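# Structural features, examined
Chain residues, written in single-letter form:
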Amino acid sequence: MSKLIFPAAPAPTLPIVGSDDRIPVQRVFCVGRNYEEHAREMGQQVERDEPFYFTKANETVVPTDSVVPYAQGTENFHYEFELVVVMGAPAHNVSVADALSKVFGYACGLDMTRRDLQLKKRAKQLPWDIGKDIESSAPISAVYPAAKFGAPAKQKIEMRQNGVTRQSSDLSFMIWSVAEIISHLSTLYHLRPGDVILSGTPAGVGPCKPGDVLEGTIEGAGSLKVTIGQPV
Ligand code: MN
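What comes next concerns the included structure.

To continue, consider the side chain of Ser183. Summarising the element assignment, Ser183 is placed in helix α6 (residues 178-185). Under the relative-accessibility criterion, Ser183 is labelled buried at 12%. Filtering out sequence-adjacent residues up to four positions away, Ser183 remains in contact with Val94, Ser95, Val96 and Ala99.

With distances of 2.0 to 2.1 Å, the protein atoms coordinating the manganese ion are Glu80 (OE), Glu82 (OE) and Asp111 (OD). Mapped onto the polypeptide sequence, the residues donating to the manganese ion form the spacing pattern E-x1-E-x28-D. You'll find Glu80 and Glu82 in the same group, each marked buried.

Structurally, Val46 is set in the loop between α1 (36-41) and β4 (53-56). The spacing of Val46 and Ile175 is 129 residues in sequence and 8.6 Å in space, taken between C-alpha atoms. For Val46, the residues in contact, after removing those within four places along its chain, are Glu36, Ala39 and Ile175.

Below, the discussion takes up the sheet that holds strand β17 (residues 213-218). Ordered by their spatial adjacency, five strands build an open sheet running β6-β18-β17-β13-β14, and the pairing between neighbours is mixed. Single-partner strands in this sheet number two, and they are β6 (67-69) and β14 (164-170). If you compare each strand with its neighbour and ignore which way they point, the axes differ by 20° on average. The sheet contact formed by strand β13 (residues 156-161) and β14 spans six bridges and is antiparallel. Bridging across to β14, Ile157 finds its partner in Ser169.

How each quantity is defined
- Residues numbered from 1 in each chain as written.
- Predicted model: local features only at pLDDT ≥ 70, side-chain atom pairs only at ≥ 80, totals over all residues.
- Heavy atoms only, no water.
- Helix = DSSP H or I, 4+ residues; strand = E, 2+ residues; numbered from the N terminus.
- Buried < 20%, exposed > 50% of the residue type's maximum accessible area, 1.4 Å probe, protein only.
- Contact = heavy atoms within 4.5 Å.
- Donors = N, O, S within 2.8 Å, 3.2 Å for Na, K, Ca; no water.
- Pairing = 2+ DSSP bridges.
- Axes fitted to C-alpha atoms, helices over the stretch in contact; angles between N-to-C directions.

What follows is the structure, given as structure tokens:
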């Protein structure tokens, strides 16, 4: 019988609020430009034809209270604080009306970004991957089951950098709702339990530096805190 010639990397796992069980993270989907004010601050038109996505490897997921090293190869390492949707059931061609029934729960997340590299690639119409799919770039907090969180509505979403509020909005300002995102994404992928979706960031993104403390909260979904470390 053949064996693996080196150990396979285990999937990162997320704790569940109110349980000792954990969720193995499968795929990480991210929604681009899902709040109008953020689309504008990125110099983009607000488009309503369909949502768009990029992905991160699941190994980019790290827990709350992590030290996130300042990413190598960038001089403009940005925070984007976002609602994370954690799938709990398979979803394929699911309707908007049924989409939220496939969700396990919700958490707080950061989509850490090499903004200079993202924009440089975007300008040349090349893939953004090196701007987004960065080691340790997806900190995600403990997951609140949907029964505790409720449905995404007008919950406040806020992020502070060293105690100063940088991002402040509410979930109703999403261009595409969580249900619409799941429904649309499920026409492109066979979504599975453990897939997670970072649902886009409100306005107020900006640069960080080693030593910064980033702390975000979403009403009903707890909080996430990371410290930016020295490059490694
Ligand atoms: Mn983002």
